[in-house]
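Coordinate inspection notes
As a plain string of letters, each chain reads:
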Amino acid sequence: MEILHPAARERVLHVLAGCSDLALATIRPDGYPHATSVSYVNQGLVIYAGIGLDSQKAHNIQHCGKVSLALNLPYTDWGHILGISAAASAAIVSGGDALARVEEAMIRKFPQIEAIRRRGQTTGWGSLVVIRIVPHIISLLDYSKGFGHTELYAVPPAAVGET
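Values in this document were obtained by computation on a predicted structure and should not be read as measured data.

About the cut-offs
Residues numbered from 1 in each chain as written. Predicted model: local features only at pLDDT ≥ 70, side-chain atom pairs only at ≥ 80, totals over all residues. Heavy atoms only, no water. Helix = DSSP H or I, 4+ residues; strand = E, 2+ residues; numbered from the N terminus. Buried < 20%, exposed > 50% of the residue type's maximum accessible area, 1.4 Å probe, protein only. Patch = residues over 30% accessible without salt bridge, like charges linked within 9 Å, V, L, I, M, F, W, Y side chains within 5 Å. Areas by Shrake-Rupley, 256 points an atom, 1.4 Å probe, with all protein chains shown as cover. Salt bridge = Lys/Arg side-chain N within 4 Å of Asp/Glu carboxyl O.

So, about the environment of glycine 79. Along the chain, glycine 79 falls in the loop between strand 6 (66–72) and strand 7 (82–92). Here glycine 79 falls in the partly exposed class, since its relative accessible area comes to 33%. For the pair glycine 79 and histidine 34, spaced 45 residues apart in the sequence, the C-alpha separation amounts to 29 Å.

What follows is the structure, given as structure tokens:
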């Protein structure tokens, strides 16, 4: 497995910038995986998502922080598949400054949040928490280089690059 180099990191960031949702798999206390879709923002390779405080995902992450994720850019045929999957760790974010930065990024990416707030439809928003997902291994799928082409990278902490 290669170490994530700058050119591969840029390709991963391109995929993250081009998507709104990802499939997130957490580990249930009984050992079974639990996969759901979540909307996200990213700062460098660090991914943030809002989830329900009392959701299965939140309980799973509190039990075990190991997660996997997958996302693909939209494509019209298999020769254009470009996506990533990753082995990562997740934790619930705490601290006002971190939460404020994530909230600002979420509103920029999903302006409908502000419209919902203006209409006063905030019921249930107080029951959300933010999770921080840090990838450790990234698989970059690029079918333009051949059917099933995958590049596997280890992600050193210096490559994560939160901004």
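A few words on a nonpolar patch on the surface. A contiguous nonpolar surface patch, about 280 Å² in accessible area, is contributed by Met1, Ile137 and Leu152. For isoleucine 137, the location among the structural elements is in strand 8 (residues 128–142). Here isoleucine 137 falls in the partly exposed class, since its relative accessible area comes to 31%.

Inspection of every chain in the model, using the stated rule, returns five salt bridges. The partner of arginine 11 in a salt bridge is aspartate 142, with the nearest N and O atoms 3.0 Å apart. Residue arginine 11 is found in helix 1 (residues 6–17), and its partner aspartate 142 is found in strand 8; the two are separated by 131 residues along the sequence. Residues arginine 11 and glutamate 151 are paired through a salt bridge, measuring 3.0 Å at the closest nitrogen-oxygen approach. Taken together, the residues span a long stretch of sequence, with arginine 11 in helix 1 and glutamate 151 in strand 9 (residues 150–154) at a distance of 140 residues. Judged by its relative accessible area of 12%, glutamate 151 is buried.

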